[in-house]
Amino acid sequence: MSPLILIALGWIVAFRGAKVNLGLQGQMIVGGIAAAYIALEGPSLPPALALIVATLAGMTAGALFAAIAAVLWAKRGVNEIVSTLMLTFIAQQVLLWIVRGPLHDLSSSAFQSRPLPSEYRWPALVDRTPFTAEVFLTVAAVAIIVFVLNRTVFGYKLRLAGENPTSARHAGVQTVQTIVASFVLSGALAGLGGTALVIGGERNVLSGGFAGNIGFTGIVVALVARNSPVGCVAAAALFAILDTGGSVMQVRADVPSEMIFITQGIIVVLVATSVILTRRLETRAASRRGAAEQEDAAVR
């Protein structure tokens, strides 16, 4: 649930500036790689400091990876959808090279890293469960993003630049710099999601498939939440329950795993349909109000 929330937040931040960051999966992967590399190759640190360093490393890696696409868009006009998708493939191949080469666990035949030191692992709040203290970091991220987008000058400039770039420029907003900054922040949140999977997940190793499809599912979570930072918490909980419960149902009740994807697809279709119906009803209501006002004016 935590990585889904962080990915959804990354999508929301970029989308607020009218940009589509489809490379959240790749940014999450490089964030996880950076956190694992610091944990395995970095110095031995006290647990609290180790977690801070690993978390910052993951966020920095994700931000820098997103900055590549942002700079290409700002300087050369490269479409961010294409560039972020292509960078995702690069990140996946780098991950496979890392777990097969520099960080490979020689005692295992699987493509995975050596076990991470205990000081680079979030402490469990409930024994023998994946419920770790990292959840507080996710809650803090939601609160910070809500505050930044709704209560700061940067959030106002980003919304203005996304909705009407021409008006934003006339108002003195540096639209390109603002959108690039939002893209970098989006990548940092995705990198934080990758860090959460590596140092807060159930396994204490970096594997070739540690990210799964969470980077893309997080985008769906944001869309289901209608790009609301608070709403993505409930949407992420729903998708996490479906994913985890689906695995259990497949083992215990012999329910095909495809049913989970079908259910998720139905949810997305229903949400999209509700948005369309709501807009049509609002348009009709506005038309009726306009007609009523014209009739009143004619009578007067």
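Data block above holds the structure.
So, a few notes on the structure that sits alongside this text. Each chain has its residues counted from 1, running along the sequence as written. A pLDDT threshold of at least 70 governs which residues receive local features in this predicted model, and a stricter bar of 80 or more applies before side-chain atom pairs are shown or counted, although totals over entire chains, interfaces and linings include all residues. Only hydrogens and water are removed before side-chain values are computed, so all heavy atoms of the structure are retained for them.

1. Things to note about helix α1 (residues 2-16)
Put simply, DSSP H or I for four residues or longer makes a helix, DSSP E for two residues or longer makes a strand, and each gets a number counted from the N terminus. By this rule, a helix spans an expected 1.5 Å times one less than how many residues it contains. With 15 residues, α1 should cover 21 Å at 1.5 Å per step; its first-to-last C-alpha distance of 21 Å lies within 8% of that length. Partly exposed residues are those whose accessible area sits between 20% and 50% of the maximum for their type, while under 20% is buried and over 50% is exposed, using a 1.4 Å probe and protein chains only. Within α1, 13 of the 15 residues are buried, leaving the element largely enclosed by the surrounding structure. Among the residues trailing α1, Ala18 stands out with phi positive, at a value near 65°.

2. A short note on the nonpolar core
Grouping buried Ala, Val, Leu, Ile, Met, Phe, Trp, Tyr and Cys residues that are joined through side-chain atoms within 4.5 Å yields what is termed a nonpolar core. In terms of nonpolar packing, the biggest core is built from 68 residues, with Leu9, Ile199, Leu206, Phe210 and Val221 touching the most fellow members. Tallying contributions element by element places α1 first for this core, with 10 residues. Ranked by size, the runner-up nonpolar core spans five residues in total, among them Leu160, Ala161, Ala168 and Val173.

3. Overview of helix α4 (residues 80-100)
For α4, built from 21 residues, the straight-helix expectation of 30 Å at 1.5 Å per residue is met to within 8% by its first-to-last C-alpha distance of 30 Å. Regarding α4, the residues found buried are Glu80, Ser83, Thr84, Leu87, Thr88, Ala91, Leu95, Ile98 and Val99. Viewed along the axis of α4, the buried residues span an arc of 145°, placing them on a single side of the element. Facing away from the buried side of α4 by more than 90 degrees, the exposed set consists of Gln93 and Trp97. Packed against the buried residues of α4 are α2 (24-41), α3 (47-76), α8 (175-200) and α9 (214-224). Any pair of N or O atoms that falls within 3.5 Å is considered a polar contact. Within protein, one atom must be able to donate a hydrogen and the other to accept it, and sequence-neighbouring residues count only if both atoms are side-chain atoms. The N-cap residue of α4 is Asn79: its side-chain oxygen and the backbone nitrogen of Ile81 are 2.7 Å apart. Picture the helix axis, draw a direction to every C-beta atom, and the arc is the one those directions span. Contact between two residues is taken to exist if any of their heavy atoms lie within 4.5 Å; hydrogens are not considered.

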